[in-house]
Amino acid sequence: MKSISLNRFFFFLVFSIPFCISAQKHTERELILIDKDWRFSFGHLYDTQKDFNHATGYFSYLAKTGYGDGPAAPAFDDRAWRKLDLPHDWAVEQSFSEKASFSHGFKTAGKNFPEKSIGWYRKKINIQETDKGRIISLKFDGVFRNSKVFFNGHYLGTEESGYNGFEYDITAYVNYGGENTIVVRVDASMEEGWFYEGAGIYRHVYLKKTNPIHVAENGTYVTTEIKENNAEVTADVTIENKGSYKGMIEVVQTILEASGKQIATISENTTTPDFYKTIHYTSKLQVNDPLLWDIENPNLYRLVTEIKQDGKIIDHYETTFGIRTIKFDAEKGFFLNGKSVKLKGTNNHQDHAGIGTALPDELQYFRIKKLKGIGSNAYRCSHHPPTPELLKACDELGMLVIDETRLMGINDYHLNNLKRMIERDRNHPSIFCWSVGNEEWKIEGGIVGERITNVMQGFTKSIDTTRPVTVGISSGFKSGISSVVEIMGYNYLGNGDIDAHRNEFKQQPGMGTEEGSTFATRGIYFTDDAKHYQSAYDKKPRPTFYSIEEGWKFYATRPYLAGLFIWTGFDYRGEPTPYGWPSVTSYFGMMDVCGFPKDNVFYLKSWWGNEPVLHIMPHWNWSGMEGKEIDVWAYSNCDEVELFLNKKSLGKKKMEQYGHLEWKVKYTPGTLEAIGYKNGKKVLSEIQKTTENPENIKLSVDKGNRTNSNVVVVTVETTDKKGAHVPTANHEITFSLKGGKILGVGNGNPTSLEKDQFIDNIELLPITDFEEKKLASADSNQKVTDSEDNWQEAFKDRDYKNQAPAYVYRGKFDLKSNLKTNTVTFFYKKIGANAVISVNGNKIAPSTEDDQKYAFNTSVLKQGTNAIQIIAQPLQKLKEWDVMNTDPGIIQVITPSEPWKRKLFNGYAQIIIQKEDNTNEVVLSAAAKGLNAGSLTLKK
Ligand code: GAL
């Protein structure tokens, strides 16, 4: 490595993945993903009964430990709840309504939908007897939002923000060698942002097991200094002791290069921290001729921290890191490893088409690869800490990141959230800047904003000395936050005079934290407000906002500005400005919600990327527009572009730097061809051709996928008889899949109110009007007619000392429909012995695998009111204070969903599929009226 004369050199640790080892080796740490096999049901925001009577006990879970009630109680019967795997976003599963939230994309969840704002999750896990003596914790990467977690009925805590990772120590509550119950109550009624945020456990959950002496969570932090050809690594480790051992321990720190080869190691003995205390332990290591992390070559290293007790390894913790230097210069912008890098960034939220916020990890790579494909080198996490896998993808693919906290403030809520973000993320080489806020309109221009920024900035530095701090500012660029923030974050040219600010604050580096906010609908070339269509030609969207071209020209030509972040890379749910209902996604993206490019992508590719680009717009299918003038634009980085219609030249034009070219062309079907020249030589050509009618469905694996991943993003389109893509097709396509699961469908149409997911509907029906009558004999098979005498409310005033030999109970349940395809199951809860259950006069046998489960064949059921009868011998109280079950159980009706389908939108749709774990082959089939079916086979 060449020696670089920069003032500051940094060595960054990246991603802390505690090492997983086999279950037998119980001395080291284990991190076990527990995303699979959860039970889920909606509760209710304020109707306690519909919230399963949670928190109604005489002693609440806050009064007595272990008193979690309703679903929080381990014995709660969740057999009728839906089974699902995480990550899960229940908001995306819902339909749309005008009454729902504009910012959350009009999904019928959250505020205004009390029956869709509380979600309950339950999971049973076994923890071995041999785990006794270890520290056992539950680790959540993020739950939206206001989650309460219970373990075996014990309340563990509340995490308000939907963007924080959090952990609970469950060691004391574990049932070793047996079953344990995890329960999470999620309250998504309130919004934290003004954009779609999803709802539920939308990030990973882990079970973690460590030795009592272990590296604390996010407990490594490494900085480096590059000296000549070496990097000196300072690896700071926080060791925690949750046990009573008092002797010495040995800490071994080893650096591995990407191939796994050990390149440096150091070991030292130290005293164990006291019970429930931590110590910081620091090692210095050398890396000779380090391979630096950068955008093109994101080289990564691993630091392995091992703790040994009496020579035996008791903890093994891995931290991925990269070596690189960063610097902002008020004159010259941003430098990575001593080289000037213009930030070509995008802002993004975290949702994707079809799947909302519950992104499988593969989608993080998919999205970052798409952004890199535009030539983008930087990503701003707007406006909250991302999921750890997003940062992992940025580290591995080479994408610089601004990591942003959610809310400005100086008290525990704000500073603690900020601290947790920095401690979790400070080892990622991709992160080059912390953002402590965005467009805080109430405070940004005044003294309160200035004071808060001073605290947050200083506080940030107290945790990470190696990165600067920014805030996205939108009003005035004169006073308040802008006068004290380390890196000025300009949100939009139209919000103030950037050059004037810079002249006043010459020492303050700056970048455009937001620019653009332009409107475009993919594949649309004429704005039509009635249809909520925004044409895809780059244009000034509102009087105080600028086009992408105007924005880039401004930033590209000012060396003192480090670069800009376009609002946004991808469209997202919510904020469908300039429209409202029935538009449900934003129009701002360079790509739509699926990642299909709008034409602006090619503008950016031309001026951000390194490859020759030539793109012409629009498509050339304008039947009915013959003879009318159409705007034809070319995006290119060629010196000149010549346009031909049906081989006739329409003129050669010179490309201005950071510009585009325009022609007015009278429409005639045929071939529109552009030829790009560099130094007078033809280097590229690009064609838009009038197609024939669509005939075939084409399914293909999107180029953004990584090879061999278990989640695959598939592009759906139609082709004409010659195999040409038809850009105007809007057919509805129906899908079926073998060997996997469909996760979601989308098409990038901001006004589409089609379903994102097709999942079976589960309805839980209580038994109403539950009454009882005493019987003279204990025979459960006796016939009892429904005659009206002597029935009374079941269990009311039951004298448990003088019970009848048997009771007959009757109740009702209402079926909205009695479709043959429905599955109706009664999950009986024992209210007596030897129960005999009948429905509408038909005796039903219990299921063979569970004698408290009864399948009701639809032939004995009817739409409307159905009668259920139970004859059983009463249960006896063993102790005076025994609480007897009086709930007969619940009826579950499963209505299978219709087949997965989605309309194409201007030629494209997307389907996201997940391969089954042990499958060798996945086959996706697609059909539509009037088209030849398509199919795609994916092999292992
Ligand atoms: C900005 C804001 C973004 C988004 C954008 C839309 O003011 O920071 O979150 O709302 O406007 O134009």
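Procedures and definitions
- Residues numbered from 1 in each chain as written.
- Predicted model: local features only at pLDDT ≥ 70, side-chain atom pairs only at ≥ 80, totals over all residues.
- Heavy atoms only, no water.
- Helix = DSSP H or I, 4+ residues; strand = E, 2+ residues; numbered from the N terminus.
- Rg over C-alpha atoms; globule rule 2.2 N^0.38 Å.
- Buried < 20%, exposed > 50% of the residue type's maximum accessible area, 1.4 Å probe, protein only.
- Lys, Arg positive; Asp, Glu negative; His and termini not counted.
- Charge placed at Lys NZ, Arg CZ, Asp CG, Glu CD.
- Salt bridge = Lys/Arg side-chain N within 4 Å of Asp/Glu carboxyl O.
- Phe/Tyr/Trp six-rings, centres within 6.5 Å; stacked < 30°, edge-to-face > 60°.
- Lys NZ or Arg CZ within 6 Å of the ring centre and 35° of its normal.
- Pairing = 2+ DSSP bridges.
- Axes fitted to C-alpha atoms, helices over the stretch in contact; angles between N-to-C directions.
- Right-handed = clockwise from strand over helix to strand, strands pointing away.
- UniProt positions renumbered as here; feature names shortened; annotations may be inferred.
- Polar contact = N/O pair within 3.5 Å; in protein donor to acceptor, adjacent residues only side chain to side chain.
- Core = buried A, V, L, I, M, F, W, Y, C linked by side-chain atoms within 4.5 Å.
- Contact = heavy atoms within 4.5 Å.
- 1 Å grid on protein atoms, 1.4 Å probe; cavity = no way out; pocket = protein on both sides within 12 Å on 5 of 7 lines; lining within 4 Å.
- Points joined across faces, edges and corners; volume = space filled by probe spheres on them.
- Nonpolar A, V, L, I, M, F, W, Y, C, P; charged D, E, K, R; others polar.
- Near = heavy atom within 4 Å.
- Areas by Shrake-Rupley, 256 points an atom, 1.4 Å probe, with all protein chains shown as cover.
- Left-handed = near helix turned anticlockwise from the far one by under 90°.
- Expected span 1.5 Å × (residues − 1).
- Arc of directions from axis to C-beta.

Colleague: Before we go on, may I ask you to explain the overall build of the chain in this structure?
Modeller: The helix and strand tally for the chain stands at 8 helices and 54 strands. Relative to its length of 940 residues, the chain is compact, with a C-alpha radius of gyration of 31 Å against a globular reference of 30 Å. Per-residue burial for the chain yields a buried fraction of 60% across its 940 residues. Considering the chain, the positive charge centre built from 114 side chains and the negative charge centre built from 118 side chains are found 3 Å apart.

Colleague: Which parts of the structure should I look at to understand the pattern of salt bridges?
Modeller: Between side chains of opposite charge, a pair can form when the charged atoms approach closely. Applying the stated criterion across every chain, the model contains 58 salt bridges. Linking D917 and K36 is a salt bridge whose minimum nitrogen-to-oxygen distance equals 2.8 Å. One end of the pair, D917, is in the loop between β52 (909-915) and β53 (921-927); the other, K36, is in the loop between β2 (30-33) and β3 (38-42), and 881 residues separate them in sequence. Given the relative accessible area of 52%, D917 is considered exposed. By relative accessible area, which is 43% here, K36 ends up partly exposed. One salt bridge connects E549 with K553, and the closest N-O pair in it is separated by 3.1 Å. Here E549 and its partner K553 are both found in helix α7 (residues 548-556), 4 residues apart, which amounts to about one turn of the helix.

Colleague: Looking at this structure, how should I read the packing of aromatic side chains?
Modeller: Within the structure shown, the criterion is met by 51 aromatic pairs. Note on Y58 and F59: the rings are 4.8 Å apart at their centroids and 80° apart in plane angle, and the pair reads as edge-to-face. Using a relative accessible area of 77% as the deciding quantity, one classes Y58 as exposed. Ring pairing ties together the aromatic residues Y525, F526, Y537, Y603, W622, W633 and Y635, which thus form one cluster. Lying over the aromatic face of Y221, R426 brings its terminal NZ or CZ to 4.0 Å of the ring centre. Against the face of Y560 rests R502, its NZ or CZ located 4.3 Å from the ring centre.

Colleague: Hey, could you run me through the sheet that holds β52 in this one?
Modeller: Pairing between the strands of a sheet comes from backbone hydrogen bonds, and it takes one of two forms, parallel or antiparallel. The 4 strands are arranged β37-β38-β52-β40 in an open sheet whose pairing can be described as antiparallel. Of all strands in the sheet, those bounded by a partner on one side alone are β37 (696-701) and β40 (740-746). Each neighbouring strand pair of the sheet contributes to a mean axis angle of 30°, computed without reference to strand direction. Where β40 meets β52, 6 bridges bridge the pair, whose relative direction is antiparallel. Bridge pairing in β52 places G740 opposite K915.

Colleague: Is there a simple way to think about the pairing of strand β25 (residues 431-438) in this case?
Modeller: In the case of a regular strand, side chains alternate between the two sheet surfaces. Counting buried residues in β25 gives 8 out of 8 residues, a clear majority hidden from the surface. Sheet topology places strand β24 (residues 400-404) next to β25; 4 bridges connect them, and they run parallel. Considered in β25, the bridge of I402 is made with C433. At this point the chain moves from β24, through helix α3 (residues 412-425), to the parallel β25, and the crossover so formed is right-handed. Relative to strand β26 (residues 469-473), β25 runs parallel, the two sharing 3 bridges. Following the sheet pairing, N438 is matched in β26 by G472. Since β25 and β26 lie parallel, the crossover through helix α4 (residues 447-463) that links them has a hand, and here it is right-handed.

Colleague: Please clarify how the UniProt feature "domain: Glycosyl hydrolases family 2 sugar binding" (unreviewed entry) in the chain should be interpreted in this entry.
Modeller: Mapped onto this numbering, the UniProt entry annotates "domain: Glycosyl hydrolases family 2 sugar binding" (unreviewed entry) at residues 116-210. Structurally, residues 116-210 is divided into 0% helix and 49% strand, and its ends, taken at the C-alpha atoms, are 37 Å apart.

Colleague: Would you take a moment to explain the UniProt feature "domain: Glycoside hydrolase family 2 catalytic" (unreviewed entry) in the chain for this structure?
Modeller: Under the feature "domain: Glycoside hydrolase family 2 catalytic" (unreviewed entry), the UniProt entry names residues 332-411 and 413-472. Here residues 332-411 runs as 29% helix and 26% strand, with 36 Å between its end C-alpha atoms.

Colleague: Is there a simple way to explain the side chain of R573 in this structure?
Modeller: On the secondary structure map, R573 appears in the loop between β29 (561-567) and α8 (600-608). In this structure the side chain of R573 is engaged in a polar contact, spanning 3.1 Å, whose partner is the side chain of D756.

Colleague: Can you help me understand the nonpolar core in this one?
Modeller: Grouped burial of nonpolar side chains is what soluble globular proteins tend to show. Formed by 79 residues in total, the largest nonpolar core has its most connected members in I498 and W620. Setting aside its immediate chain neighbours within four residues, I498 contacts F477, Y490, L493, F554, Y555, Y560 and L561. I170, A199, L207 and F588 belong to the second-largest nonpolar core, a separate cluster that totals 45 residues.

Colleague: I would appreciate a short explanation of the sheet that holds β25 in the present structure.
Modeller: Overall, parallel pairing links the 8 strands, which are arranged β22-β23-β24-β25-β26-β27-β28-β29 in a closed barrel. On average, each strand axis in the sheet is inclined to that of its neighbour by 25°, with strand direction left out of account. Sheet topology note: the strand β22 (residues 343-348)/strand β23 (residues 378-381) ladder contains 4 bridges and is parallel. Bridge pairing in β23 places N347 opposite R380. The sheet strands contacting α7 are β22, β27 (487-491), β28 (510-516) and β29, and the helix crosses β29 at an angle near 165°.

Colleague: So what exactly am I meant to see when it comes to empty space enclosed by the protein here?
Modeller: To find the voids left in a structure, one rolls a probe of water-molecule size over its atoms. Taken as a whole and judged by the stated rule, the model has 8 cavities of 30 Å³ or more. Roughly 220 Å³ of internal volume is contained in the largest cavity. Sorting the residues of the lining of the largest cavity by element identifies α1 (361-373), β23 and α2 (388-397) as the ones contributing at least two each. Here the element with the most residues in the lining of the largest cavity is α1; it accounts for 4 residues. When its residues are assigned to classes, the lining of the largest cavity shows 8 nonpolar, 9 polar and 4 charged. The wall of the second largest cavity is formed by 17 residues, among which R573, T585, V593, D756 and R902 lie closest to the centre.

Colleague: What is the right way to read the site of the ligand from this model?
Modeller: Neighbouring the ligand are the residues W194, H383, N438, E439, Y492, E514, S517, R542, W567, E575 and F588. Between the ligand and H383, the relevant distance is 2.7 Å, taken from an oxygen atom to a side-chain nitrogen or oxygen of the residue. Contacts to the ligand include E514, whose side-chain N or O atom sits 2.8 Å from an oxygen atom. In isolation the ligand offers 310 Å² of accessible surface; the protein chains occlude 89% of this area. The residue makeup of the shell around the ligand, split by class, is 4 nonpolar, 3 polar and 4 charged.

Colleague: Would you take a moment to explain the packing of α3 against α4 for this structure?
Modeller: Geometry of a packed helix pair, given as the angle between the helix axes and the separation of the axes. Between α3 and α4, the least distance of the axes is 10 Å, while the angle of their chain directions is 35°. α4 is crossed by α3, and the crossing has right-handed handedness. On the side of α3, the interface is formed by L415, L418, K419, I422 and E423, while α4 contributes V455, M456, F459, T460 and I463. Broken down by class, the residue content of the contact of α3 with α4 amounts to 7 nonpolar, 1 polar and 2 charged.

Colleague: Can you walk me through α4 in this structure?
Modeller: Given 3.6 residues per helical turn, the α-helix brings residues three or four places apart onto the same face. Taking 1.5 Å per residue, 17 residues should reach 24 Å; α4 reaches 25 Å between its end C-alpha atoms and fits that length. Every buried residue of α4 is accounted for by G449, I452, T453, M456, Q457, T460 and I463. Across the axial projection of α4, the buried residues extend over an arc of 130°, all falling on one side. Exposed and facing more than 90 degrees away from the buried side of α4 are R451 and S462. Contact partners of the buried residues in α4: β12 (213-227), α3, β25, β26 and α5 (481-484).

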